[in-house]
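# A structural walkthrough
Each chain, written out:
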Amino acid sequence: MERCSPHAWRTPAVGDEALVCDVCETRLDLARDISPDVQTDIVRDYRRHHGPIVGEHFQTQLEAALAAARSDEPGQGPEGTEEGGA
């Protein structure tokens, strides 16, 4: 299956684990795959294709979903490494 350009991202909700494209089913893990730069690119493309009002709603939902996903991640360390031992 070919990648979309741009992706048709499904609007995320708090509790989602990933951002999902409705067309090609690409998944980006909310806790690990979306850096601030990637988030900016996604929101910019979304606003360009859906307009400022829908884009604002998407951005708000994405920020809430990212915050929830990152707060639920156990053992967060640099670049997703987990520290073990006591």
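In this text the structure is predicted, and so the values were computed from the model without any measurement.

### Section: the nonpolar core
Formed by 17 residues in total, the largest nonpolar core has its most connected members in Trp9, Leu19, Leu30, Ile42, Phe58 and Leu62. For this core, the secondary structure elements donating two or more residues are α1 (36-50) and α2 (52-72). Those residues within four positions of Leu30 in sequence are excluded, and the remaining contacts are Asp16, Glu17, Ala18, Leu19, Leu62, Ala65, Leu66, Ala69 and Arg70.

### Remarks on the pattern of salt bridges
Two side chains that carry opposite charge are able to pair once their charged atoms sit near each other. Taken as a whole and judged by the stated rule, the model has five salt bridges. The partner of Arg47 in a salt bridge is Glu56, with the nearest N and O atoms 2.7 Å apart. By relative accessible area, which is 40% here, Glu56 ends up partly exposed.

### Focus on the side chain of His7
Locating His7 in the fold gives a position in the segment before β1 (18-20). According to the relative accessible area criterion, His7 is buried, its value standing at 14%. Those residues within four positions of His7 in sequence are excluded, and the remaining contacts are Cys21, Cys24 and Thr26.

### Remarks on α1
In this model, α1 (15 residues) spans 21 Å end to end at C-alpha, consistent with the 21 Å of a helix rising 1.5 Å per residue. Considered for burial, the residues of α1 that qualify are Gln39, Ile42, Val43 and Tyr46. Take α1 and look down its axis: the buried residues cluster within an arc of 95 degrees, on one side only. In α1, the exposed residues that point more than 90 degrees away from the buried face are Asp37 and Arg48. Taken together, the buried residues of α1 touch β1, β2 (27-29) and α2. One or two steps after α1, the chain reaches Gly51, where phi turns positive at roughly 95 degrees.

### A few points about the confidence of the model for the chain
Averaged over all residues, the pLDDT of the chain is 86; the fraction at 70 or higher stands at 81%. With pLDDT under 50 throughout, residues 76-86 is counted as low confidence; its partners more than four residues away or in other chains account for five contacts.

### Examining the packing of α1 against α2
Packing of α1 against α2 leaves a shortest axis separation of 7 Å and a crossing angle of 155 degrees. What the angle tells us is that α1 and α2 run roughly antiparallel. Here the hand of the crossing between α1 and α2 comes out right-handed. Where α1 approaches α2, its residues Gln39, Ile42, Val43, Tyr46, Arg47 and His50 are matched on the opposing element by Pro52, Val54, Gly55, Glu56, Phe58, Gln59, Leu62, Glu63 and Leu66. Partitioning the contact of α1 with α2 into residue classes produces eight nonpolar, four polar and three charged.

Thresholds applied
- Residues numbered from 1 in each chain as written.
- Predicted model: local features only at pLDDT ≥ 70, side-chain atom pairs only at ≥ 80, totals over all residues.
- Heavy atoms only, no water.
- Core = buried A, V, L, I, M, F, W, Y, C linked by side-chain atoms within 4.5 Å.
- Buried < 20%, exposed > 50% of the residue type's maximum accessible area, 1.4 Å probe, protein only.
- Helix = DSSP H or I, 4+ residues; strand = E, 2+ residues; numbered from the N terminus.
- Contact = heavy atoms within 4.5 Å.
- Salt bridge = Lys/Arg side-chain N within 4 Å of Asp/Glu carboxyl O.
- Expected span 1.5 Å × (residues − 1).
- Arc of directions from axis to C-beta.
- pLDDT = per-residue confidence, 0-100.
- Axes fitted to C-alpha atoms, helices over the stretch in contact; angles between N-to-C directions.
- Parallel < 35°, antiparallel > 145°, perpendicular 65-115°, else oblique.
- Left-handed = near helix turned anticlockwise from the far one by under 90°.
- Nonpolar A, V, L, I, M, F, W, Y, C, P; charged D, E, K, R; others polar.

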